[in-house]
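# A closer look at the structure
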Amino acid sequence: TVKVGVLEEDCKSSHKRFFTFHEQKRPYIILKSAETHDGFIAPLEQESGKPFWITSPESKKLVHKWRTEEASILVGTNTAEKDDPSLTARLWEGNQPLRLIIDRNLRLKDSLQVFDDSAKTLVFTEESKENSGSTEYQNIDFSTLHKGMMNKLYKRNIHSVIIEGGRETLQSFIDANLWDEARVFVCAINLKKGISAPIFNVKQKSEERISTDVLRWYHNSSLVS
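Residues numbered from 1 in each chain as written. Predicted model: local features only at pLDDT ≥ 70, side-chain atom pairs only at ≥ 80, totals over all residues. Heavy atoms only, no water.

### Things to note about the overall build of the protein
Across its full length, the protein carries 6 helices and 11 strands. Its C-alpha atoms give the protein a radius of gyration of 18 Å, near enough to 17 Å, the size a compact globule of 225 residues would have. By its C-alpha atoms, the protein is 65 × 40 × 35 Å across when sized along the principal axes. Counting all 225 residues of the protein, 46% fall into the buried class. Residue pairs in contact within the protein that sit at least 24 positions apart in sequence constitute 67% of those at least 6 positions apart. Of the roughly 12200 Å² that the protein leaves accessible, carbon and sulfur atoms contribute 48%. Measuring between centres, the 32 positive side-chain charges of the protein sit 2 Å from its 32 negative side-chain charges. (Helix = DSSP H or I, 4+ residues; strand = E, 2+ residues; numbered from the N terminus. Rg over C-alpha atoms; globule rule 2.2 N^0.38 Å. Buried < 20%, exposed > 50% of the residue type's maximum accessible area, 1.4 Å probe, protein only. Contact = heavy atoms within 4.5 Å. Areas by Shrake-Rupley, 256 points an atom, 1.4 Å probe, with all protein chains shown as cover. Lys, Arg positive; Asp, Glu negative; His and termini not counted. Charge placed at Lys NZ, Arg CZ, Asp CG, Glu CD.)

Written out as structure tokens, the structure is:
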């Protein structure tokens, strides 16, 4: 006797990157963000090069673990410029993801950490620039930016991407309905005013407590290929 469909949903979940890559011809897309209890991701003004941390050390460590589990990590120009992130996994041992940067007009300075050659970096831009060290520049049509980036990553055999950009980048993927799951840290502090957090158009799937933070999970049941 042969039974089919045994634990089918569990199998699909554990192989979600594989199925998305081969069925939808793009990487599995994870959105990651953190917001205050009153719904802001950052103050209106912050000193350039100094990221605004609101999550607990335990949550930060978990994020670094997530980075080792994905093939690539993406941020937009503003996040790269204002926060100067390294986008590497330093608090957890494992593989370093390919760093992806959106920089339409090549505004970012070469002195930023994402260009330090500690990991491979791919910059999506409309301008022309020679590759340097571990940094590669990829020309792309910004009128179809999101699908264009995912097509480029698919052709590079990149099975997953975690997007840690600011509100503009995250919201743009939400508005394009081009994401698979979202992981949102909600922290205990209040800002009263600041940059509003992205707005999801789906119901929250589940949540768990990570130290002083609440981690909310969202799943997109209406996907575009």
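There is more to say, and it comes next.
### Here we look at the sheet that holds strand 7 (residues 160–163)
The pairing of strands in a sheet happens through backbone hydrogen bonds and is either parallel or antiparallel. In space, the 9 strands of this open sheet follow the order 6-5-4-3-7-1-8-11-10, with mixed pairing throughout. With one partner strand each, in any of the chains shown, strand 6 (135–139) and strand 10 (204–210) form the two edges of the open sheet. Taking each pair of neighbouring strands and ignoring which way they run, the sheet shows an average axis angle of 20°. Direction of pairing for strand 3 (residues 72–75) relative to strand 4 (residues 98–102): parallel, over a ladder of 4 bridges. Residue pairing for strand 4: Leu74 is matched across the bridge by Leu100. On top of the sheet, helix 2 (residues 16–24) reaches strand 1 (28–35), strand 7 and strand 8 (181–186); it is set at about 125° to strand 1, its chief contact. (Pairing = 2+ DSSP bridges. Axes fitted to C-alpha atoms, helices over the stretch in contact; angles between N-to-C directions.)

### Section: the pattern of salt bridges
Overall, the coordinates contain 12 salt bridges when judged by the stated rule. The partner of Arg17 in a salt bridge is Glu70, with the nearest N and O atoms 2.7 Å apart. Placement of the pair is Arg17 in helix 2 and Glu70 in the loop between helix 3 (57–69) and strand 3, with a sequence separation of 53 residues. Residue classification places Arg17 among the partly exposed residues on the basis of a relative accessible area of 22%. Among the salt bridges present, the one from Lys65 reaches Glu69, with a minimum N-O distance of 2.5 Å. Here Lys65 and its partner Glu69 are both found in helix 3, 4 residues apart, which amounts to about one turn of the helix. Look at the salt bridges and you will find they share partners, linking Lys16, Glu181 and Arg183 into a network. (Salt bridge = Lys/Arg side-chain N within 4 Å of Asp/Glu carboxyl O.)

### Remarks on the pairing of strand 1
Summarising burial for strand 1: 8 of the 8 residues are buried, a large majority. Here strand 1 shows a buried face lined by Tyr28, Ile30, Lys32 and Ala34 and a second buried face lined by Ile29, Leu31, Ser33 and Glu35. Relative to strand 8, strand 1 is paired through 6 bridges, and the arrangement is parallel. Each bridged residue has a counterpart across the sheet, and for Ile30 the counterpart in strand 8 is Glu181.

### Looking at the side chain of Thr125
Here Thr125 lies in strand 5 (residues 121–125). The class of Thr125 is buried, set by a relative accessible area of 0%. Setting aside residues up to four positions removed in sequence, Thr125 forms contacts with Asp103, Arg104, Asn105, Leu106, Tyr137, Gln138, Asn139, Ile140 and Phe142.

### Observations concerning helix 5 (residues 145–155)
Turning to helix 5, its buried residues are Leu145, His146, Gly148, Met149, Met150 and Leu153. Residues of helix 5 that are buried make contact with strand 1, strand 3, strand 4, strand 5, strand 7 and helix 6 (167–175).

### Notes on the nonpolar core
Counting 28 residues, the largest nonpolar core has Leu31 and Met149 as the members making the most contacts within it. Taken together, the elements giving at least two residues each to this core come down to strand 1, strand 4, strand 5, helix 5, strand 7, helix 6, strand 8 and strand 11 (213–219). Ranked by the residues each element gives to this core, the list is headed by helix 5, at 4 residues. With sequence-adjacent residues up to four places away left out, Met149 is seen in contact with Leu74, Ile102, Phe124, Ile140 and Phe173. Counting residues in each nonpolar core, the second largest holds 23 residues, with Ile30, Val75, Val123 and Ile210 among its members. (Core = buried A, V, L, I, M, F, W, Y, C linked by side-chain atoms within 4.5 Å.)

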